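Inside the fold
One-letter residues, chain by chain:
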Amino acid sequence: MRFATRSNIIVQINFSNIEENDNVLLWTVPREQLYRIPNEISKNFNYLLSWLRELILTANERIIFLAPYFSESGIRQLLVNINSVTSIKQNLKIEFIVSDMEDTLNKKAFEYLINNIRLDNNNCVKIYEPVDKHNNKLWFHAKLLLVDRKKGYLGSANYSERALSSQFELGVPLIEKQANALVTLIDFWIKNCYLKLKHEIR
């Protein structure tokens, strides 16, 4: 039953929103403000959380989440899609990169992730943070979601419920060339030990 439910999520997704991403902006808007924005403006935007959920479901090989802050409620917003994609894809790598794993907000978020993620089919999750976080040698403010070196999101929203649901955030979809460049940069950081592996789940 659980697998059927997850499979149904995959079937219902409109992947054209992900593929035709060169002319759309992404946003989170407080609900009370959304109804005041004229249609000629709002038609240029897609809802950030829905778009991210759809993006996750397109992954075949690798997903990278990068942000300074994650929250338990933010992870919960995305976990149903993460668990859906891991139930049907094999050898999928999911990586989280966070500024400080010991930050209270992040610590609770990743405890929730570790206890609730379901990994099948030889999939794995890795969590990284900067090696020298106290001296800010690699301190970042960017928020990214990258999928298979082919597509992604770049924007202002951390992976928290407020950022994904109720405060004003903006982002842009990334095309393949941009996503590939960012994955190459992250791989450089990992290879040259700017980022260290804090936790691995298999």
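Residues numbered from 1 in each chain as written. Predicted model: local features only at pLDDT ≥ 70, side-chain atom pairs only at ≥ 80, totals over all residues. Heavy atoms only, no water.

Section: the nonpolar core
- Counting 39 residues, the largest nonpolar core has Ile63, Phe65, Phe70 and Phe96 as the members making the most contacts within it.
- Beyond its immediate sequence surroundings of up to four residues, Phe96 is in contact with Phe65, Phe70, Ile75, Ile82, Phe110, Leu113, Val125, Lys126, Ile127 and Tyr128. (Core = buried A, V, L, I, M, F, W, Y, C linked by side-chain atoms within 4.5 Å. Buried < 20%, exposed > 50% of the residue type's maximum accessible area, 1.4 Å probe, protein only. Contact = heavy atoms within 4.5 Å.)

Concerning the confidence of the model for the protein
- Per-residue confidence for the protein gives a mean pLDDT of 89, with 87% of residues at or over 70.
- Low pLDDT, under 50, characterises residues 1–11; the stretch is placed with 16 contacts to residues that sit more than four places away or in other chains. (pLDDT = per-residue confidence, 0-100.)

Focus on unusual backbone geometry
- Residues other than glycine seldom take positive phi values, yet Asn91 does so here, at roughly 55 degrees.
- Counting through the fold element by element, Asn91 comes out in the loop between α6 (72–88) and β4 (93–98).
- Since its relative accessible area comes to 45%, Asn91 is described here as partly exposed.
- Phi angles above zero are rare outside glycine, and Asp148 is one such case at about 55 degrees. (Helix = DSSP H or I, 4+ residues; strand = E, 2+ residues; numbered from the N terminus.)

Quick notes on α6
- Along its 17 residues, α6 runs 24 Å from first to last C-alpha, staying within 8% of the 24 Å computed at 1.5 Å per residue.
- Taken as a whole, α6 carries its principal kink of about 45 degrees at Leu78. (Expected span 1.5 Å × (residues − 1). Bend = angle between axes of the 7 residues up to and from the residue.)

Some points on the packing of aromatic side chains
- Considering all chains together, one arrives at eight aromatic pairs under this definition.
- Between Trp27 and Phe45, the aromatic rings sit 4.1 Å apart at their centres with planes inclined by 10 degrees, giving stacked as the arrangement. Of this pair, Trp27 sits in strand β1 (residues 25–28) while Phe45 sits in strand β2 (residues 45–47), and the two are 18 residues apart along the sequence.
- The exposure class assigned to Trp27 is buried, which follows from its relative accessible area of 8%. (Phe/Tyr/Trp six-rings, centres within 6.5 Å; stacked < 30°, edge-to-face > 60°.)

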